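Each chain, letter by letter, is given below.
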Amino acid sequence: MSSFAIPLSGLQASSDALNVISNNLANLNTDGFKDQTLSFGDVFSQLQGISGNGDPIQIGGGVQVGSTVSNFSDGGVDSTGVAANMALQGNGSLW
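Residues numbered from 1 in each chain as written. Predicted model: local features only at pLDDT ≥ 70, side-chain atom pairs only at ≥ 80, totals over all residues. Heavy atoms only, no water.

### Quick look at the overall build of the protein chain
Then, number 1: When helices and strands are tallied, the protein chain shows one helix and two strands.
Then, number 2: When the helices and strands of the protein chain are placed in sequence order, the string is α-β-β.
Then, number 3: Against the 2.2 N^0.38 benchmark of 12 Å for 95 residues, the protein chain shows a C-alpha radius of gyration of 21 Å, more extended than a compact globule.
Then, number 4: Once the C-alpha set of the protein chain is aligned to its principal axes, its extents read approximately 65 × 30 × 15 Å.
Then, number 5: Per-residue burial over the protein chain gives 7% buried out of 95 residues.
Then, number 6: Restricting to contacts in the protein chain with at least 6 residues of sequence separation, those with at least 24 account for 44%.
Then, number 7: Of the accessible surface of the protein chain, which amounts to about 7,600 Å², a share of 56% is contributed by carbon and sulfur atoms. (Helix = DSSP H or I, 4+ residues; strand = E, 2+ residues; numbered from the N terminus. Rg over C-alpha atoms; globule rule 2.2 N^0.38 Å. Buried < 20%, exposed > 50% of the residue type's maximum accessible area, 1.4 Å probe, protein only. Contact = heavy atoms within 4.5 Å. Areas by Shrake-Rupley, 256 points an atom, 1.4 Å probe, with all protein chains shown as cover.)

### A look at helix α1 (residues 5-26)
Then, number 1: Over its 22 residues, α1 runs 31 Å from end to end, which matches the ideal 32 Å to within 8%, given 1.5 Å per residue.
Then, number 2: Restricting attention to buried positions, one finds in α1 the residues Ser-9, Ala-13, Ala-17, Val-20 and Asn-24. Buried residues along α1 cover an arc of 75° about the axis, so they all sit on one side. Among the exposed residues of α1, those pointing more than 90 degrees away from its buried face are Leu-8, Leu-11, Leu-18, Leu-25 and Ala-26. (Expected span 1.5 Å × (residues − 1). Arc of directions from axis to C-beta.)

### Observations concerning the side chain of Ser-9
Then, number 1: You can see Ser-9 is positioned in helix α1.
Then, number 2: Within the structure, the side chain of Ser-9 is placed 3.1 Å from the backbone nitrogen of Val-63, a separation counted as a polar contact.
Then, number 3: With residues near it in sequence (within four places) discarded, Ser-9 still touches Gly-61, Gly-62 and Val-63. (Polar contact = N/O pair within 3.5 Å; in protein donor to acceptor, adjacent residues only side chain to side chain.)

### Some remarks on the environment of Gln-89
Then, number 1: Mapping Gln-89 onto the fold places it in the segment after β2 (56-70).
Then, number 2: Residue classification places Gln-89 among the exposed positions, given a relative accessible area of 55%.
Then, number 3: A sequence separation of twelve residues divides Gln-89 from Val-77, and the C-alpha atoms of the two residues are 8.6 Å apart.
Then, number 4: Sequence-distant contacts of Gln-89, defined by excluding residues within four places in its chain, comprise Asp-74 and Val-77.

From the geometry alone we can't say anything about function, so treat these as descriptive.
In structure tokens, the structure reads:
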């Protein structure tokens, strides 16, 4: 593995996090927008062996984006004054 691969993986993950944050900020006042959060995970590149208690000994290979999760909780409902406008709450069922 290149000596630049591990630091570059951190820079790429940071760039992805900034993209998600900037998207959240850009759409902060957009009706119906659901913000997102990013989680990270370790990249293990080599298994060195087994420790005395049976746990694997691994060398890290950097970081990667684990998942991007959207927040689907209900937001506030504001009146628009237009009778044709509507809002959904909960799972949107008609019951």
